[in-house]
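Residues per chain, in single letters:
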Amino acid sequence: MSTTDRIRLGEMRAELNPYAPGAGLRPPELVGRQPEVDAFDLLVARSRRGQTSRSLVLHGLRGVGKTVLLNQFRAQADSAGWLVVDVEGQTSDSGQQTTRRRLAREIALAARRLHRGRALTSAVRDALATVKAFSVQFGGMGFSVDVEASVGRADTGVIEIDLEELVEDLAPALREQQRVLALFVDELQDLEPALLAALISVQHRAGQREWPFVVVGAGLPSVPGALTTAKSYAERLFDYREIGSLPSGAAADALVLPAQRSGVTFDPDALDTIVDAAGGYPYFLQTYGSAAWDLAADKRITRADADGAIERGNAELDSGFFPGRWASATPAERQYLVAMSDDPEGESSTGEVASRLGVPAKATSQARQALIGKGIVFAPQRGRIAYTVPHMRAFVRRQADLDLVD
Ligand SMILES: Nc1ncnc2c1ncn2[C@@H]1O[C@H](COP(=O)(O)OP(=O)(O)OP(=O)(O)O)[C@@H](O)[C@H]1O
Ligand SMILES: [Mg+2]
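All residue numbers here refer to positions counted from 1 along the written sequence of the relevant chain. Each chain takes a letter, starting from A, and each ligand takes a number, starting from 1, following the order in which they are written. Under the rules for a predicted model, residues below a pLDDT of 70 receive no local features and side-chain atom pairs below 80 are neither given nor counted, while totals for whole chains, interfaces and linings still include all residues. Side-chain figures throughout are based on the complete set of non-hydrogen atoms in the structure, without hydrogens or water.

## Some words on the overall build of the protein
Here comes step 1: Helix numbering and strand numbering both begin at the N terminus, where a helix is a DSSP run of H or I of at least 4 residues and a strand a DSSP run of E of at least 2. Helix and strand content of the protein: 18 helices and 10 strands.
Here comes step 2: A principal-axis box enclosing the C-alpha atoms of the protein has dimensions of 70 × 60 × 35 Å.
Here comes step 3: Burial status follows relative accessibility: with a 1.4 Å probe on protein chains alone, a residue under 20% of its type maximum counts as buried, one over 50% as exposed, and anything between as partly exposed. Relative to its full complement of 406 residues, the protein shows a buried share of 49%.
Here comes step 4: Contact between two residues is taken to exist if any of their heavy atoms lie within 4.5 Å; hydrogens are not considered. Considering only contacts within the protein whose residues lie at least 6 apart along the sequence, 71% involve residues at least 24 apart.
Here comes step 5: Using a 1.4 Å probe, the Shrake-Rupley method yields the accessible areas, and only the shown protein chains count as cover for residues. Roughly 18,900 Å² of accessible area belongs to the protein as shown, and the carbon and sulfur atoms make up 49% of that amount.
Here comes step 6: Only four residue types enter the charge count, namely Lys and Arg as positive and Asp and Glu as negative; His and the chain termini do not. By convention, the point assigned to a charge is CZ for Arg, NZ for Lys, CD for Glu and CG for Asp. Charged side chains of the protein number 46 positive and 52 negative; the gap between the two group centres comes to 4 Å.

## Comments concerning the sheet that holds strand 8 (residues 347-349)
Here comes step 1: Only strands joined by at least two bridges in the DSSP assignment are considered to pair. With antiparallel pairing, the three strands of this open sheet are ordered in space as 8-10-9. Each having just a single partner strand, strand 8 and strand 9 (377-378) make up the two edges of the open sheet.
Here comes step 2: Bridge analysis of strand 8 against strand 10 (residues 384-387) gives three bridges, and the strand direction is antiparallel. Bridging from a neighbouring strand, Glu-347 pairs with Ala-386 of strand 10.
Here comes step 3: A fitted line through C-alpha atoms serves as each axis, taken over the contacting stretch for helices, and the angle formed by two N-to-C directions is quoted from 0 to 180°. Running over the sheet, helix 15 (residues 331-340) touches strand 8, strand 9 and strand 10 and is turned about 95° from strand 10.

## Brief notes about the packing of aromatic side chains
Here comes step 1: Put simply, two rings from Phe, Tyr or Trp (the six-membered ring, in Trp's case) pair if the centres are within 6.5 Å, and we call them stacked under 30 degrees between planes, edge-to-face over 60, tilted for the rest. Counted by the stated rule, this structure contains 13 aromatic pairs.
Here comes step 2: Measuring from ring centre to ring centre gives 6.3 Å for Phe-40 and Phe-184, while their planes differ by 50°; the resulting arrangement is tilted. With Phe-40 in helix 2 (residues 34-48) and Phe-184 in strand 3 (residues 181-186), the pair connects residues that are 144 residues apart, well separated along the chain.
Here comes step 3: Exposure remark for Phe-40: the relative accessible area of 0% places this residue in the buried category.
Here comes step 4: Phe-184 sits in the buried class, given a relative accessible area of 1%.
Here comes step 5: Between Phe-134 and Phe-138, the aromatic rings sit 5.0 Å apart at their centres with planes inclined by 45°, giving tilted as the arrangement. Residue Phe-134 and its partner Phe-138 are located together in helix 5 (residues 122-139), separated by four residues, close to a single helical turn.
Here comes step 6: The class for Phe-138 is buried, based on a relative accessible area of 11%.
Here comes step 7: Members of the aromatic cluster, connected to one another through ring pairs, are Tyr-281, Tyr-283, Phe-284, Phe-321, Phe-322, Trp-326 and Phe-395.
Here comes step 8: By definition, being over a ring means that NZ of Lys or CZ of Arg is both within 6 Å of the ring centre and within 35 degrees of the ring normal. Above the ring of Phe-321, the side-chain terminus of Arg-325 is found at 5.3 Å from the ring centroid.

## Observations regarding helix 15
Here comes step 1: Along helix 15, the residues classified as buried are Glu-333, Tyr-336, Leu-337, Ala-339 and Met-340. Seen from one end, helix 15 has its buried residues packed into an arc of 160°, which puts them on one side. Exposed residues pointing more than 90 degrees away from the buried face of helix 15 are listed as Pro-331 and Gln-335. Taken from the helix axis, the directions to the C-beta atoms give the arc we talk about.

## Description of the nonpolar core
Here comes step 1: By nonpolar core we mean a set of buried residues, namely Ala, Val, Leu, Ile, Met, Phe, Trp, Tyr and Cys, connected to one another through side-chain atoms within 4.5 Å. Core analysis: the biggest nonpolar cluster contains 72 residues, and Phe-40, Phe-73, Trp-82, Phe-184 and Leu-337 have the highest contact counts within it.
Here comes step 2: If we skip the residues at most four places from it in the chain, Trp-82 touches Phe-40, Leu-43, Val-44, Ser-47, Ala-77, Arg-113, Val-180, Ala-182 and Val-214.
Here comes step 3: Ranked by size, the runner-up nonpolar core spans 50 residues in total, among them Leu-103, Ala-111, Leu-181 and Val-202.

## Re the site of ligand 1
Here comes step 1: Here a residue is near a molecule or strand as soon as one of its heavy atoms is found within 4 Å of it. Near ligand 1 you find 24 residues, and of these Ala-20, Gly-24, Leu-25, Lys-66 and Thr-67 are the closest.
Here comes step 2: What qualifies as a polar contact is a pair of N or O atoms within 3.5 Å, subject to a donor-acceptor requirement within protein and to the restriction that residues adjacent in sequence count only when both atoms come from side chains. Between Val-64 and ligand 1, the recorded distance is 3.2 Å, taken from a backbone N or O atom to an oxygen atom.
Here comes step 3: In this structure, an oxygen atom belonging to ligand 1 sits 2.7 Å away from a side-chain N or O atom of Lys-66.
Here comes step 4: Contact with the protein chains covers 96% of the free accessible surface of ligand 1, which is 640 Å².
Here comes step 5: When residues of the shell around ligand 1 are traced back to their parent elements, those giving at least two are helix 3 (66-79) and helix 12 (282-295).
Here comes step 6: Each residue gets one of three labels, nonpolar for Ala, Val, Leu, Ile, Met, Phe, Trp, Tyr, Cys and Pro, charged for Asp, Glu, Lys and Arg, and polar for the others, Gly among them. Considering only residue class, the shell around ligand 1 consists of 12 nonpolar, six polar and six charged.
Here comes step 7: Where each domain starts and ends follows an automatic or database-derived domain assignment. Taken together, domain 1 (3-21 + 247-319) and domain 2 (34-242) each give at least three residues to the shell around ligand 1, which thus spans both.

Structural measurements only, silent on function.
Shown next, in the form of structure tokens:
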């Protein structure tokens, strides 16, 4: 084979690479999540009959596929004709402002579905008037539909009150058209407390009054606790689903099925090697799968390709997936992360971490809180602490070794 042929073959192969390593990127095969997809389908089907059910909240470590699944739900809702709105929690003050604004704008945009290609009924007119008031209040924008903003509805500037009035006034129009307003909220742990409390309380009220409104959420393992802290009844309000690593059969499918479509196969030991190294974590499966595809000399992925793929994949993870979180940590916070890494992957005792650092537990609470705020660690229970990122322990140890060399 000439060099040009080889380059062309390489390009073609790269072009056909089916794997999708990256935040929120839809995988070529959404494996192991059928129970959640079915649960959301049921929610949609029940709403069609005017029945309400508990909405879903996904929680889990970084890179397990929460955003992908949330997007899948959104697509299901969208094709059922729902009004869908997407927002994401952000920690900074400006981020919180942006989230409110985005919420209002997206609601205004989604509400257009109520009158597009239809006669304006009085229910729709009333709904749009309140949407307009809400969007002027929080979105800082007008509203293209020719209705007057309602006065005295959704215009107090207090998010909890205004959101409730908005949903109440939208309900008749939504019912008329058999639609539901659905707010999809990613990174729930970073949502500002007032907005989080408002969403929970309006969801609660919607259940009692049969308003067609659902909040569907996703976030870190701390999310169920954070929701309950915001409003104690939140515990019973949602169907909490832990999204985790995939069992080995599903993990193998995530690699094999996309390759199969292009006539590419994995040798059994190559497959086992990658599935083992990934520990069933979707982000790692996509990263290693992608590298293996690029390394393979022909339509067969061998053990040697798999070994090379893990090495190349780890180098990519070390320059992309992990370091963002490490870089945002201060020296004291890094010391804390390193002290945690003496434990096997999983949880650490905060008391033991402190004693490894040679200080009383209280002295570490600032670093610990800051790391929680940055979404790098979470407290699975009182006195315990864990990384939010799978395989973070090994990365931290590699990093600590590098820092010693420097
Ligand atoms: N069910 C799945 N099967 C195979 N791969 C998946 C699956 N779900 C997600 N992935 C892949 O995993 C990676 C991470 O997905 P995603 O961004 O949704 O994770 P996440 O849980 O939202 O992470 P984070 O907490 O960092 O936001 C992506 O590359 C995606 O393609
Ligand atoms: Mg995500």
